[in-house]
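# Survey of secondary and tertiary structure
Listed here are the chains, written in short residue letters.
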Amino acid sequence: MTDTYLTLVNTGVTKALAKKLGLPRPAPLRRYRAGDPVAPGPVLVLHDAASTADADVVAETLVGWDLDVRRHAASADRYGAVVLVLTGATHPDDLSAPVLEAAGTLRGLAPAGRVVTLSRPASDGDAPAVAAARQGVDGLLRSLAKELRGGATGNGIVVADGVGVDAPSAIGALRFFLSSRSAFVDGQLLGVDSAAGALPGDWDAPLAGRVAVVTGAARGIGASIVATLARDGATVVAVDVPAAGEGLARVANSVRGSALQLDITAPDAAERILEHTLARHGRLDVVVHNAGITRDKLLANMKPDRWDSVLAVNIAAQLRMNEALLAAREVRPGVLDDAPRIVSLASTSGIAGNRGQTNYAASKGGVIGMVRATAPLLADGGGTANAVAPGFIETEMTARIPAVTRQVARRLNSLQQGGLPVDVAEAVAFLAAPQAGGVVGRTLRVCGQNMVGA
Ligand SMILES: NC(=O)c1ccc[n+]([C@@H]2O[C@H](COP(=O)([O-])OP(=O)(O)OC[C@H]3O[C@@H](n4cnc5c(N)ncnc54)[C@H](O)[C@@H]3O)[C@@H](O)[C@H]2O)c1
């Protein structure tokens, strides 16, 4: 599961050789360690003429995080991040001053630096020039992300009209995108739909006092989600099939959580999860539907068991479980009643399609539709449902891909490498946290800006 190419082009003689030959040289990504600053250097905050007040709010927030904030670009300065506040733009002309000022700083952006835009969503009711400015930010951000090098990323926050840039989810997304927790999230625009949610008392333990269930937790991305939620303060129930019992126990013990051996396709899966979780931990706040399987075949060669098993694990089990949990929520105290969070694992295959994965993509597309329709059912208690769509992540699942295809798949994104399980886990932890309460029914891609798909 190691990416030998990534190591070779970053070390010794082979590094020099790769440079000489003009080979792609993916940069090692900076990943979060406790105590890291929010951004890897001074943060430049720029804005369009009508966004001064919003830029002031953003700058004050950043100063509160002990960052060195600058309001004008100085050519000799090297920035850790550039934040473009474009919420007030009403014509594409409004973008030019801040964007061109940012342009002059990009060559000096620190390794693993960040560019983050804040803007408003374009809607059919907008005046054409307003919609053009707003949608223009989308194209700008996606292209800029493809130009950044050295492990730097570009992401955007699209804050709904009527919601302030000081809304918990706008602030939370800003911190997530600036930090190394979003190492493999690139070229994405995340919608903030409402001012719901709350800033955590302690940014290092936003999930303190919360109880989370993670399915498919014995290895890979699931094991990393368990570790990350526990790091952020949650008590975790780790669920996986009995055959994975040994790994499951190891994962659960490592975070002093509990292990529950269970096939999520069992009709009574939700009931058993509830019994276990309430008996051991007294409440249930966060459900992460991570368990998933692949059974790839061209549709022309697809046997019913391959189609049916993938749909059963990846989507039907989640639907059945959510339905049972939502019903239990009505009658059992402690079940998803305080700002609950459901986070499901989708996939870029479910967005862009992938040859040989009609079954998998149907299930993962299904997840994206499911969270959109589930989110409103949780809104009364301040709850949300969202999905994370990983691209190519280095796990046992992707280690089974033939070697050459795997090498190619790794390079087909702006960061020119596969992500790690922790990159997906960080996105799940963000969506599970109190500050993400205004992100509703969304799918956040963790794919290094995969070349395929939206
Ligand atoms: N690895 C990637 O590149 C990638 C990309 C996109 C999406 N995903 C999604 O991320 C999730 C995790 O992927 P991974 O790469 O860690 O996979 P993995 O195969 O390494 O781990 C999946 C885990 O789910 C468990 N599981 C499978 N069926 C189960 C069932 N019926 N009940 C309970 N547990 C069950 C397995 O035992 C295993 O421990 C999956 O939903 C996958 O589709 C992965």
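Calculation rules
Residues numbered from 1 in each chain as written. Predicted model: local features only at pLDDT ≥ 70, side-chain atom pairs only at ≥ 80, totals over all residues. Heavy atoms only, no water. 1 Å grid on protein atoms, 1.4 Å probe; cavity = no way out; pocket = protein on both sides within 12 Å on 5 of 7 lines; lining within 4 Å. Points joined across faces, edges and corners; volume = space filled by probe spheres on them. Helix = DSSP H or I, 4+ residues; strand = E, 2+ residues; numbered from the N terminus. Nonpolar A, V, L, I, M, F, W, Y, C, P; charged D, E, K, R; others polar. Domains from an automatic or database assignment. Near = heavy atom within 4 Å. Polar contact = N/O pair within 3.5 Å; in protein donor to acceptor, adjacent residues only side chain to side chain. Areas by Shrake-Rupley, 256 points an atom, 1.4 Å probe, with all protein chains shown as cover. Core = buried A, V, L, I, M, F, W, Y, C linked by side-chain atoms within 4.5 Å. Buried < 20%, exposed > 50% of the residue type's maximum accessible area, 1.4 Å probe, protein only. Salt bridge = Lys/Arg side-chain N within 4 Å of Asp/Glu carboxyl O. Pairing = 2+ DSSP bridges. Phe/Tyr/Trp six-rings, centres within 6.5 Å; stacked < 30°, edge-to-face > 60°. Lys NZ or Arg CZ within 6 Å of the ring centre and 35° of its normal.

### Regarding the layout of surface pockets
Of the volumes computed, that of the second largest pocket is approximately 570 Å³. As for the second largest pocket, its lining consists of 27 residues, and the residues nearest its centre are R142, L189, L190, G191 and R442. Sorting the residues of the lining of the second largest pocket by element identifies α5 (128-147), β5 (153-159), β6 (189-192), α12 (358-378) and β13 (443-446) as the ones contributing at least two each. Among the elements that line the lining of the second largest pocket, the one with the most residues is α5, at 5 residues. When the residues that make up the lining of the second largest pocket are grouped by side-chain class, the tally is 13 nonpolar, 6 polar and 8 charged. In this structure, the lining of the second largest pocket is formed jointly by two domains, domain 1 (4-16 + 24-192) and domain 2 (211-446), each of which donates at least three residues.

### Side note on the site of the ligand
Surveying the vicinity of the ligand reveals 27 residues, the closest of which are R219, D240, N290, Y360 and T395. Between the ligand and D263, the relevant distance is 2.8 Å, taken from a nitrogen atom to a side-chain nitrogen or oxygen of the residue. A distance of 2.6 Å separates an oxygen atom of the ligand from a polar side-chain atom of Y360. Relative to its free-state accessible area of 830 Å², the ligand is covered by the protein chains to the extent of 93%. When contributions to the shell around the ligand are tallied by element, the ones reaching two or more residues are α7 (220-231), α12 and α13 (396-399). Grouping the amino acids of the shell around the ligand by side-chain chemistry returns 15 nonpolar, 8 polar and 4 charged.

### Details of the nonpolar core
Ranked by internal contacts, the top residues of the largest apolar core, which has 71 residues, are L62, V83, L174 and L229. Here this core takes 8 residues from helix α15 (residues 421-432), the largest share from any one element. Both domains that furnish three or more residues to this core are identified here as domain 1 (4-16 + 24-192) and domain 2 (211-446). In terms of nonpolar packing, the next biggest core, distinct from the first, is built from 37 residues, V313, A346, Y360 and V367 among them.

### Section: the domain arrangement of the protein chain
By a widespread convention, an interface's size corresponds to the accessible area lost as its parts come together. Once the domains are mapped, the protein chain shows domain 1 (4-16 + 24-192) and domain 2 (211-446). The centre of domain 1, based on its C-alpha atoms, is set 28 Å off from the matching centre of domain 2. D423 is paired through a salt bridge with R31; the nearest N and O atoms lie 2.8 Å apart. One can count 5 residue pairs in polar contact (both at pLDDT 80 or more) joining domain 1 with domain 2. Elements that contribute at least two residues to the side of domain 1 that touches domain 2 include exactly α1 (4-8), α5, α6 (168-178) and β6. Here the side of domain 1 that touches domain 2 takes 5 residues from α6, the largest share from any one element. By residue class, the composition of the side of domain 1 that touches domain 2 is 17 nonpolar, 6 polar and 6 charged.

### Some thoughts on the pattern of salt bridges
Tallying each qualifying case throughout the model produces 23 salt bridges. For the salt bridge of D77 with R70, the shortest nitrogen-to-oxygen distance reads 2.8 Å. Ionic pairing is found between D138 and R142, a salt bridge with its closest N-O pair at 2.6 Å. Of this pair, D138 and R142 both sit in helix α5, 4 residues apart, which is roughly one turn of the helix. A relative accessible area of 28% places R142 in the partly exposed class.

### Brief notes about the sheet that holds β6
Read across the sheet, 6 strands follow the order β2-β1-β3-β4-β5-β6 without closing on themselves; strand pairing throughout is parallel. Only two strands of the sheet have a single neighbouring strand rather than two, namely β2 (69-70) and β6. Across 5 bridges, the pairing between strand β3 (residues 81-85) and strand β4 (residues 114-119) is parallel. Bridge pairing links V83 to V116 in β4.

### A look at the packing of aromatic side chains
Under the defined criterion, the tally for this structure stands at 3 aromatic pairs. Taking the centre distance of 5.7 Å and the plane angle of 80° together, the rings of W65 and W203 count as edge-to-face. With W65 in the loop between α3 (52-64) and β2 and W203 in the loop between β6 and β7 (211-215), this residue pair connects regions lying 138 residues apart in the sequence. The burial state of W65 is the same as that of W203; both residues are buried. A ring pair is formed by F176 and F430, whose centres lie 4.9 Å apart and whose planes are at 5°; its orientation type is stacked. On the criterion of sequence distance, the pair formed by F176 in helix α6 and F430 in helix α15 is long-range, its members being 254 residues apart. On the basis of relative accessibility, which here comes to 5%, the residue F430 falls in the buried class. Among the aromatic side chains, those forming a connected cluster through ring pairs are F176, F177 and F430. Positioned over the ring face of W65 is R175, at 5.0 Å from the centre of the ring. Looking at R181, its charged tip hangs above the ring of Y32, at a distance of 4.0 Å from the centre.

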